[in-house]
Every structure is written in C-alpha cells, then in structure tokens.
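# A structural walkthrough
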Amino acid sequence: QTVLNVTNMFIGVGVVSLAGAVQLGGWASLGGLGLATAMFFTSAICMVACFDALPAGAPQTYPEIGRLAGGGTGRWATIVVCLAEFTGAAFPTIIVVWQQIEIILRQTRAMGDGEGLGPRGVAEVAGTLLLVPTILIDNFELLSYLGGLGGLACALLVVLMFVNMVIDPSREHSCLPNWEGGCPPGYTLATWGIPMASGIFAMALSGHTSLPSIRTSMSAPTKFGSRVLPLSFGAMLLIYGGLGALGYAYYGKAAGPLITGDMSASSAIGKDPFLLIFLNAIVGLNAYTTVAPLILVTMDVSQEASPRLAKACSTAFSKRVLRMAIFMVYVAVSHFTYNSILQIEGITGGVLSMMSSLILPIIFYLRIHWGELTSRVQVGLYAIVLIGAVLAAFITSQSIAEMIH
C-alpha cells in the first residue's frame, strides 16, 4: 500500500511527455532516465535520514531541515527553491489541462480553427473557469479522492500504446499531420537533447517533500528506506521507461510534446475515438486536481517565509484572494508558454527539481551526518551533487535557447 502511495504521489502530468523526452535525446536518453532514477533514489534516502535527525518537537518541514543543516541561510535557500519548483510545476500542469480540452474539442469536431476563439482559445477560457472553483474551496478532500488518476492514466497509456503497436507493427499511422520527414519516422541513437530529456525525467522523479508524511503513516516505518523506496523508484523506472520507449518506438522522430496529442492526431486505434477521448479526459482530470494543491503549497511556503503575509492572510477570505492572485499570474504565464511545455518541464525538472529533490537533500545530509560517513560515501555523494549541478546549468541554457528559437 505504501509503495502505491509513493508512486501515485510522484506520478504527475509529466507522464504524457515521456515519449517527447526520448525524442529529444534519442534512445540513449533512456540511459539518462536510469541515471536520474538512481540519483533521485539516493537523495530520497538522504532526505528521510535528515528528517530523522530533527530534534524532538521540531516542525517536520523541509525548511526546518535547511535550518538544521545551514541555519538561516539553509532555511531561506529551501524556501526559495521550493517556491520556484512549485511555481514551475504549475505552468505545465495548467497547460496540460488546456491542451487536453483542446484535443477533445478537435476529436469531437465540436469546433474548428476558424470559429470564434478557436479550439485553443475556448480550451484556455473553459479550463481556467473550471479551475476557479478548485482554487476557492478550502477543503481539498474531494480532490484527494482523485489523486490516484495518475496511475490510471499511466496504465491506460501503456495498454493503448501496446495495442497500437500490435495492430500497426509497420507503423503505417505513425506519421503525424505536421510531420515533414519520411514515413515511417526514423530514430536517433543520441543527440545533444539528452540533458533536457533528463530534466523532464527529473521532474517526473521529484516529490521528495511528501516522503516523510507517507513514512510516518506506515505501521512499520523502519522498512521505508529498505523496501518501500527501492520498490517505488523501481516501479517508476519501469513505468516511465516503458511509456517513453513505447511512444518513441512508434512515432520516432515525429513524437510531439504530448503522447495523447500524437495518438489523437494519428494512430491505429484512432478509429475508435471513445478510447482516446476517455484517455484525454483522465489525463486532463489528473492535471486538473493537481493545480489547486500546487497553489496551496505555494501559499503555505510564502506564509512560512513572511510572517507579515501570514498575518495578513489570517481569514478564509484573504486566503482565497491570495490563491486567486497566484492563480491568475500562473494563467497569464501559461498562456504565453502554451507551445513550450517540454522546455518548461525541462527547466523545472532540470534546475528546480534538481535543486529541491536532489542537490539540497544530499548537501543537507552531508552537513548533518558528515562525521558518520566514510570517505567513499562522501565522495560518491559529492559526485552526485556535481553531476546534478552540471546538468542543471546545461539544461537551463539549452531550454532557454529552445524557447527563444
């Protein structure tokens, strides 16, 4: 049960971009997924050990670990990085909600490009209006019931992609309408896009701040590090690797940012639109239930950083106003980055997730437990930090260049 809880907590909207990630880096990017999984698993072990080191009665929060390891500087570093990560994760999540609505509008032929706002405009307006009630509610219990939709979306994607390959082994339907190359599309062994693909994988493997609360809910918490984490990260490696490999094996160089969009545009199972509409609805609903919690966490971290803000938002009404203000800023940025979802995910995963779920947990672990570690372990952990820092710098420059292009 705990393994399922951890896996569901980590699986997010990034699952629909895995084939696009492999397309960015070629088949070799799956090696990047394996390396990223190993590094993020190590940082998860380090984070749990850091929480165990907190004094009795201390708040069980990530900024408190930062304070223990680095005083006020460590606390502020954690707050800033967490705020940036949750903000960066909100943009692609909102975009996925909009794009799934747009895909459904096109599948059902409910609207053409030349009508009114067009499918994209209607999707943005409708998606935003549908999200507003989730931002205003104070009780997220209903949304929590839908938290397992990420696993359902993954299972449906795997099944449908496998069926698609069986029905169309010659890849007759793999050439998308906007593809200008040969048919069926070819493959690439490796490209300079591997770091950005690794950034997308990193975003899908981050979520470490939720681990302590899941661990404390176990009947035998001592088994969390030795059994639950290896099984959970192993499951994510198989799921993410399988989805990425299946999508790239079928669409090759033509694979787009969202596998759901590719399957809707051209696939062997496209003759049965009900399946694809259902899949797009599940993926969109999964993203839909994620936006409000992201904004809530952003607000909570902001209040922890600023006692003055916390005092100003002491009433339910003022909290709703702040959540709506954050949401409208996110909507505006998401509108202008609508067609850059892979680059946004690359920056979020490659820089922000690297910092919050990889680099900082290991640095804090080294500072807190330095005297207990052998020199070999110290060198190994510093090597992971160095690799993460180099990847973060490379991914940032590459993603920004792609967005400008």
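What counts, and where the lines are drawn
Residues numbered from 1 in each chain as written. Predicted model: local features only at pLDDT ≥ 70, side-chain atom pairs only at ≥ 80, totals over all residues. Heavy atoms only, no water. Axes fitted to C-alpha atoms, helices over the stretch in contact; angles between N-to-C directions. Helix = DSSP H or I, 4+ residues; strand = E, 2+ residues; numbered from the N terminus. Parallel < 35°, antiparallel > 145°, perpendicular 65-115°, else oblique. Left-handed = near helix turned anticlockwise from the far one by under 90°. Contact = heavy atoms within 4.5 Å. Polar contact = N/O pair within 3.5 Å; in protein donor to acceptor, adjacent residues only side chain to side chain. Buried < 20%, exposed > 50% of the residue type's maximum accessible area, 1.4 Å probe, protein only. Salt bridge = Lys/Arg side-chain N within 4 Å of Asp/Glu carboxyl O. Phe/Tyr/Trp six-rings, centres within 6.5 Å; stacked < 30°, edge-to-face > 60°. Lys NZ or Arg CZ within 6 Å of the ring centre and 35° of its normal. Core = buried A, V, L, I, M, F, W, Y, C linked by side-chain atoms within 4.5 Å. Patch = residues over 30% accessible without salt bridge, like charges linked within 9 Å, V, L, I, M, F, W, Y side chains within 5 Å. Areas by Shrake-Rupley, 256 points an atom, 1.4 Å probe, with all protein chains shown as cover. Disulfide = S-S within 2.5 Å. Nonpolar A, V, L, I, M, F, W, Y, C, P; charged D, E, K, R; others polar.

## Details of the packing of helix α2 (residues 18–25) against helix α8 (residues 194–205)
Here α2 crosses α8 at 160°, and the two axes come no closer than 7 Å. Considered as vectors, α2 and α8 are oriented roughly antiparallel to each other. α2 and α8 meet at a crossing whose hand is left-handed. Contact residues: Leu-18, Ala-21, Val-22, Leu-24 and Gly-25 in α2; Ile-194, Met-196, Ala-197, Ile-200 and Phe-201 in α8.

## Concerning the side chain of Ser-302
Turning to its location among the elements, Ser-302 is positioned in helix α12 (residues 273–305). Of note is the side chain of Ser-302, whose polar atom sits 2.8 Å from the backbone oxygen of Thr-298. Once residues lying within four places of it in the same chain are set aside, the contact partners of Ser-302 are Leu-83 and Leu-309.

## As for the environment of Ile-214
As for its position among the elements, Ile-214 is in helix α9 (residues 211–216). By relative accessible area, Ile-214 is classed as buried at 8%. Residues Ile-214 and Phe-224, spaced 10 residues apart in sequence, show a C-alpha to C-alpha distance of 9.2 Å.

## Comments concerning the pattern of salt bridges
As a working rule, side chains carrying opposite charge can pair if their charged atoms are close by. Tallied over the entire structure, the rule returns 3 salt bridges. Among the salt bridges present, the one from Glu-64 reaches Arg-67, with a minimum N-O distance of 3.5 Å. A residue pair is termed a helical-turn pair when its members lie 3 or 4 positions apart in one helix, as Glu-64 and Arg-67 do in helix α4 (residues 62–107) at 3 residues. Here Arg-67 falls in the partly exposed class, since its relative accessible area comes to 40%.

## Concerning the packing of aromatic side chains
Throughout the structure, instances matching the rule amount to 9 aromatic pairs. An angle of 20° between the planes, with centres 6.3 Å apart, marks the rings of Trp-98 and Tyr-338 as stacked. Remark: Tyr-338 occurs in the loop between α14 (316–336) and α15 (341–369) and Trp-98 occurs in helix α4; sequence separation between them is 240 residues. A residue is classified by how much of its surface remains accessible, and Trp-98, at 1% relative accessible area, is buried. Relative accessible area serves as the criterion here: at 3%, Tyr-338 is assigned to the buried category. Linked through ring pairs, Trp-27, Tyr-187 and Tyr-248 together constitute an aromatic cluster. The residue whose ring lies beneath Arg-75 is Trp-76, and the NZ or CZ to ring-centre distance is 5.7 Å.

## Some points on the environment of Pro-59
Positionally, Pro-59 belongs in the loop between α3 (29–52) and α4. Dropping the residues within four chain positions of it, Pro-59 is found in contact with Leu-54 and Glu-64.

## Structural notes on the side chain of Glu-102
Structurally, Glu-102 can be placed in helix α4. With near-sequence residues (within four places) excluded, Glu-102 lies in contact with Pro-119, Arg-120, Ala-123 and Tyr-338.

## A few points about the nonpolar core
Ranked by internal contacts, the top residues of the largest apolar core, which has 111 residues, are Val-15, Phe-224, Tyr-240 and Met-263. Per-element tally for this core: the top contributor is α4, with 15 residues. Other than its neighbours up to four places away in sequence, Tyr-240 contacts Phe-10, Ile-11, Val-15, Leu-18, Leu-33, Ala-204 and Leu-205.

## Quick notes on a nonpolar patch on the surface
Nonpolar side chains collect at one region of the surface, where Val-159, Phe-162, Val-163, Val-166 and Ile-167 lie side by side and expose about 460 Å² of accessible area between them. Here Val-166 is to be found in helix α7 (residues 149–167). For Val-166, a relative accessible area of 54% puts it in the exposed group.

## Comments concerning the state of the cysteines
Applying the stated criterion across every chain yields a total of 1 disulfide. Note that Cys-175 is cross-linked by a disulfide to Cys-183, the S-S spacing being 1.9 Å. According to the relative accessible area criterion, Cys-175 is buried, its value standing at 18%. The thiol sulfur of Cys-50 is not disulfide-bonded, and the nearest other cysteine sulfur, from Cys-46, lies at 6.7 Å.

## Things to note about the packing of α4 against helix α5 (residues 118–136)
Packing of α4 against α5 brings their axes to within 8 Å, and their N-to-C directions diverge by 130°. If you check the angle between α4 and α5, you find them oblique. The chirality of how α4 crosses α5 is right-handed. Each of Val-97, Trp-98, Ile-101, Glu-102, Leu-105 and Arg-106 in α4 lies in contact with α5, whose residues at this interface are Pro-119, Arg-120, Val-122, Ala-123, Glu-124, Gly-127, Thr-128, Leu-130 and Leu-131. When grouped by side-chain class, the residues that make up the contact of α4 with α5 number 9 nonpolar, 2 polar and 4 charged.

## Things to note about the environment of Thr-290
Relative to the assigned elements, Thr-290 resides in helix α12. Sequence separation of Thr-290 and Ile-94 is 196 residues, and the distance between their C-alpha atoms is 8.9 Å.

## Section: unusual backbone geometry
Omega for the peptide link from Cys-183 to Pro-184 comes to -5°, which places this bond in the cis form. Tracing the backbone shows Pro-184 in the loop between α7 and α8.

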